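Here are the chains, one letter per residue:
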Amino acid sequence: MQTQKNFNLKSYNTFGFDVSCKGFISCNTIDQLQGALSYIKQYPQPYLILGGGSNILFSNNFNGIVIHPAMKEICSVKENDEHIWLDVQAGVVWDELVEHCVNNNWFGLENLSYIPGNVGASPVQNIGAYGAEVKDCIEQVNGIFIENNQAFSLSAEACQFAYRQSIFKGELKNKTVITSVVFKLNKTESYNLSYGPIKEQVEKMGKITLPNVRTAIIDIRKSKLPEPEELGNAGSFFKNPVISKEQFATLHEQHSSVPSYPVTHDLIKIPAGWLIEQAGWKGKALGKAAVHNKQALVLVNKGGASGKDMLELAHTIMQDVNNKFGISIEPEVNII
Ligand code: FAD
Ligand code: EPU
């Protein structure tokens, strides 16, 4: 285990902010990870568990130790005629796992193609896209409690998954390191093509197949979302707000074109991208921090912006949306 002192985090945050941490420990094995946790117990100081840095905003340099789980094994743990169970370590790049599954004809993760980041972070906000959420394929999450270096395993139910939410963002926030995730995948053909334009896009390619679904999703994503290497960003900056049926009725009276998605009988999800666009922010900038011109939910670093610039833009947008619609939007990105 080696601590790299005064480590620059520019390539470990997809906003591309030029920030550093006091120490950076990359762990290739569980032993190294346990060593890193013993170190912060022995020398107490701020710590942060960091995967690919694609859902994080550093508002400043980080005055502590960053622990980066980099264990990369994928093991098949069980198999029957219908399913295969994979135990995938935290440091595996998320989209490499999706590609591996598609190549092996295992169904379940394909709608989550091309989401940046690592497997270890996937349960944290229960990543989701195009009608799928990772919880639908998670059987178990394994990890270590930071406080006492003890291993744990949680069933999917115990993880309390919800829209962009889990126990790891709630009760267990900053208290665990996820070391691996057990996924249950289908070996028999099953697709989820209900969201927006996916079905149409796949049909344009001819047959509905797993590789075609993956390609369609990647194409749609590339047409809307900026590549972090070209334009720093962390995907959706805000969560889509969920409002009551009554609040929606009032909103609809004033803005009949508002898009909506039912969540439960009483709750309705509104796309924050629409609210931000209607508030006049799409494509606009505040200094070097800007709102993406193809997807208003994504805040981008036009080059040289800082975390503070991005937060100033975010707060101004939140205020404007609230003034115009009476709806509070909350950041999805983790602010450090
Ligand atoms: P990080 O940003 O490193 O960390 C995120 C949080 O998880 C932090 O709080 C961190 O402390 C914690 N964490 C990370 N690893 C661990 C671990 N092993 N144990 C415990 N805690 C940990 N998200 C979606 O849901 N859907 C999308 O469609 C989507 N599209 C995106 C598109 C772009 C262009 C970008 C830049 C981001 C997008 N995201 C999307 C957000 C992001 O990719 C996901 O949230 C991803 O899971 C973050 O992974 P990461 O490894 O980069 O996590
Ligand atoms: N919209 C606008 N203007 C915009 C953007 C969106 O009016 O600038 C409206 C349109 O009506 C559009 C609707 O919002 O039909 C939905 O847009 P989109 O399909 O792009 O999805 P989203 O709700 O903006 C969510 C996720 C994304 C995920 C996509 C696809 C959240 C916070 N975001 O975005 O996740 O990829 O759906 O499923 O739920 C992320 O979490 O980082 C992320 C990118």
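Residues numbered from 1 in each chain as written. Chains lettered and ligands numbered in written order. Predicted model: local features only at pLDDT ≥ 70, side-chain atom pairs only at ≥ 80, totals over all residues. Heavy atoms only, no water.

Moving on, we come to the sheet that holds strand 18 (residues 289–291). Pairing is antiparallel in the open sheet, where four strands are placed in the order 13-19-18-17. Each having just a single partner strand, strand 13 (232–236) and strand 17 (285–286) make up the two edges of the open sheet. The pairing of strand 13 with strand 19 (residues 298–301) spans three bridges and is antiparallel. Paired with Ser-236 across the two strands is Val-298, which belongs to strand 19. (Pairing = 2+ DSSP bridges. Helix = DSSP H or I, 4+ residues; strand = E, 2+ residues; numbered from the N terminus.)

To continue, consider the layout of surface pockets. Looking at the second largest pocket, its volume works out to about 210 Å³. In terms of lining residues, the second largest pocket is bounded by 15 residues, among which Phe-107, Gly-108, Asp-136, Cys-137 and Asn-186 are the most central. When residues of the lining of the second largest pocket are traced back to their parent elements, those giving at least two are strand 9 (132–133) and strand 12 (176–186). At three residues, the largest contribution of residues to the lining of the second largest pocket is made by strand 12. In terms of residue class, the lining of the second largest pocket is built from five nonpolar, six polar and four charged. (1 Å grid on protein atoms, 1.4 Å probe; cavity = no way out; pocket = protein on both sides within 12 Å on 5 of 7 lines; lining within 4 Å. Points joined across faces, edges and corners; volume = space filled by probe spheres on them. Nonpolar A, V, L, I, M, F, W, Y, C, P; charged D, E, K, R; others polar.)

A word on the sheet that holds strand 5 (residues 62–69). Ordered by their spatial adjacency, four strands build an open sheet running 1-2-5-3, and the pairing between neighbours is mixed. Whereas interior strands pair on both sides, the edge strands pair on one side only; in this sheet they are strand 1 (3–8) and strand 3 (47–49). Strand after strand, the sheet turns through a mean of 30° between neighbouring axes, direction not considered. For strand 1 and strand 2 (residues 20–27), the ladder comprises five bridges, and the chain directions are antiparallel. Within strand 2, the residue paired with Phe-7 across the bridge is Cys-21. (Axes fitted to C-alpha atoms, helices over the stretch in contact; angles between N-to-C directions.)

Evaluation of the coordinates by the stated rule reveals nine salt bridges. For Lys-239, the salt bridge goes to Glu-330, with nearest N and O atoms at 3.4 Å. Taken together, the residues Lys-239 in the loop between strand 13 and strand 14 (242–244) and Glu-330 in the loop between helix 7 (307–325) and strand 20 (334–335) connect sequence positions 91 residues apart. Since its relative accessible area comes to 17%, Lys-239 is described here as buried. Several salt bridges converge on common partners, so that one network encompasses Glu-133, Lys-135 and Asp-136. (Salt bridge = Lys/Arg side-chain N within 4 Å of Asp/Glu carboxyl O. Buried < 20%, exposed > 50% of the residue type's maximum accessible area, 1.4 Å probe, protein only.)

This part is about the site of ligand 1. Neighbouring ligand 1 are 33 residues, the closest being Ile-49, Gly-51, Ser-54, Gly-128 and Arg-221. One of the backbone nitrogen or oxygen atoms of Asn-55 is found 2.8 Å away from an oxygen atom of ligand 1. One of the side-chain nitrogen or oxygen atoms of Arg-221 is found 2.7 Å away from a nitrogen atom of ligand 1. Alone, ligand 1 offers 970 Å² of accessible surface; in the complex the protein occludes 93% of this. Mapped onto the shell around ligand 1, the elements with two or more residues apiece are strand 3, strand 8 (128–129), strand 12 and strand 13. Taken together, the residues that form the shell around ligand 1 break down as 16 nonpolar, 15 polar and two charged. (Near = heavy atom within 4 Å. Polar contact = N/O pair within 3.5 Å; in protein donor to acceptor, adjacent residues only side chain to side chain. Areas by Shrake-Rupley, 256 points an atom, 1.4 Å probe, with all protein chains shown as cover.)

Tyr-130, Tyr-163, Tyr-195, Glu-277 and Glu-332 are the nearest of the 23 residues found near ligand 2. In this structure, Ala-296 approaches ligand 2 through a main-chain N or O atom, which is 2.8 Å from an oxygen atom. Contact with the protein chains hides 82% of the accessible area of ligand 2, taken as 820 Å² for the molecule alone. Listed by contribution, the elements that provide at least two residues to the shell around ligand 2 are helix 4 (210–224), strand 13 and helix 6 (272–278). Residue contributions to the shell around ligand 2 peak at three residues, all from helix 6. Across the shell around ligand 2, the residue classes break down as 11 nonpolar, five polar and seven charged. Split by domain, the shell around ligand 2 shows at least three residues from each of two domains, domain 2 (74–223) and domain 3 (226–335). (Domains from an automatic or database assignment.)

Partitioning the chain into structural domains gives domain 1 (4–69), domain 2 (74–223) and domain 3 (226–335). Measuring from the centre of the C-alpha atoms in domain 2 to the corresponding centre in domain 3 gives 25 Å. The interface is formed by eight residues belonging to domain 2 together with seven residues belonging to domain 3. Summed over both sides, the interface of domain 2 with domain 3 buries roughly 730 Å², with 38% coming from carbon and sulfur. Area buried by domain 2 at its contact with domain 3 is led by Tyr-163, Arg-164 and Lys-169, which between them contribute 55% of it. Seen at the junction of domain 2 and domain 3, the total is three residue pairs in polar contact (both at pLDDT 80 or more). Residue classes in the side of domain 2 that touches domain 3 are distributed as two nonpolar, two polar and four charged. (Contact = heavy atoms within 4.5 Å. Buried area = accessible area lost by both parts, 1.4 Å probe.)

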